[in-house]
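Architecture and fold: a report
Here's the letter readout for the chains.
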Amino acid sequence: YLDFAIHGTLFDPSSQIEEIPKAFDLGVSSFKMFMTYAKLRWMTDDYHLTAAMDLIAEYGGLAMVHAENGLVTDYLEDRSLKKGEDQKKVFLKTRPDYLEAEAIFRALSIAAITYCPLYIVHLSTARGMVPLQQAREEGQRVYVETCPQYLTMTDVKLQKLGPLAKIGPPLRTEIDRLALWKGIQKGVIEVVASDHAPKVKKVEDPFFEAPYGSPQAETM
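Conventions used here
- Residues numbered from 1 in each chain as written.
- Predicted model: local features only at pLDDT ≥ 70, side-chain atom pairs only at ≥ 80, totals over all residues.
- Heavy atoms only, no water.
- Helix = DSSP H or I, 4+ residues; strand = E, 2+ residues; numbered from the N terminus.
- Rg over C-alpha atoms; globule rule 2.2 N^0.38 Å.
- Buried < 20%, exposed > 50% of the residue type's maximum accessible area, 1.4 Å probe, protein only.
- Lys, Arg positive; Asp, Glu negative; His and termini not counted.
- Charge placed at Lys NZ, Arg CZ, Asp CG, Glu CD.
- Core = buried A, V, L, I, M, F, W, Y, C linked by side-chain atoms within 4.5 Å.
- Contact = heavy atoms within 4.5 Å.
- Pairing = 2+ DSSP bridges.
- Right-handed = clockwise from strand over helix to strand, strands pointing away.

Attention now moves to the overall build of the protein chain. Looking only at helices and strands, the protein chain has nine helices and six strands in total. Taking 2.2 N^0.38 as the reference for a compact globule, 220 residues should give roughly 17 Å; the C-alpha atoms of the protein chain span a radius of gyration of 17 Å, in line with that estimate. Principal axes of the C-alpha set define a box for the protein chain whose edges measure 45 × 40 × 35 Å. Counting the 220 residues in the protein chain, one finds 50% classified as buried. Where the 25 positive side-chain charges of the protein chain centre and where its 30 negative ones centre are 8 Å apart.

Right, here's the structure in full:
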């Protein structure tokens, strides 16, 4: 048996937040927001993240976040592009683990002051578990997910497959991969989910222009 549910996703939160109550009327009670992808115009800034969590909490729902600091990521990427660096080789360098941990801490802080249950999607780093463990110890209601790609692959795979392994957050290091398994064993991570996001792309495609995402349902 396969049980599933549909999450709402706020790609344009400044205009979509007011629609959250209508979504609840349709049976949707969980809403995903992106703290990154500013260039794609998907990023939820702190003001609208707070407004959304406040409303979601009022209606008894669940806020979900892709936790990476989008603006700092964009700066690091732009700086790298100006230097003419190979974007495949520096993909992990322009999306460091500090930026995931920082965004997780920020999301936890906003969720705490709005009393909103929080779901961290596709955790990819050892460093990101630090604020999550602290929040748990303080009794905050937070759920944590990782994915099979982060449990089985590293940046080494990205260097071989290029665009096919271009996902966000990126495939990390062996240290991160092993830490995620320990996070599952310790109960910090409760969920392993697919983050299934298939895209049409080839190994030889230009890396920078290639879309994010890979198919993971069959891996699950």
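Let's shift gears to the nonpolar core. Ile20, Met53, Ile56, Val65, Leu118, Leu123 and Leu132 are the most contacted members of the largest nonpolar core, which totals 45 residues. Here this core gets six residues from one element, more than from any other, and that element is helix 5 (residues 97-114). Apart from residues lying up to four places away in sequence, Ile56 is in contact with Ile20, Phe24, Phe31, Met33, Gly61, Leu62, Ala63 and Cys116.

We now examine the pairing of strand 3 (residues 62-66). When you tally the buried positions in strand 3, you get five out of five residues, the bulk of the element. Direction of pairing for strand 2 (residues 30-34) relative to strand 3: parallel, over a ladder of five bridges. Across the sheet, the residue bridging to Lys32 is Met64, located in strand 3. Viewed along the sheet, the connection from strand 2 through helix 3 (residues 46-58) into strand 3 turns out right-handed. With three bridges joining them, strand 3 and strand 4 (residues 118-120) adopt parallel strand pairing.

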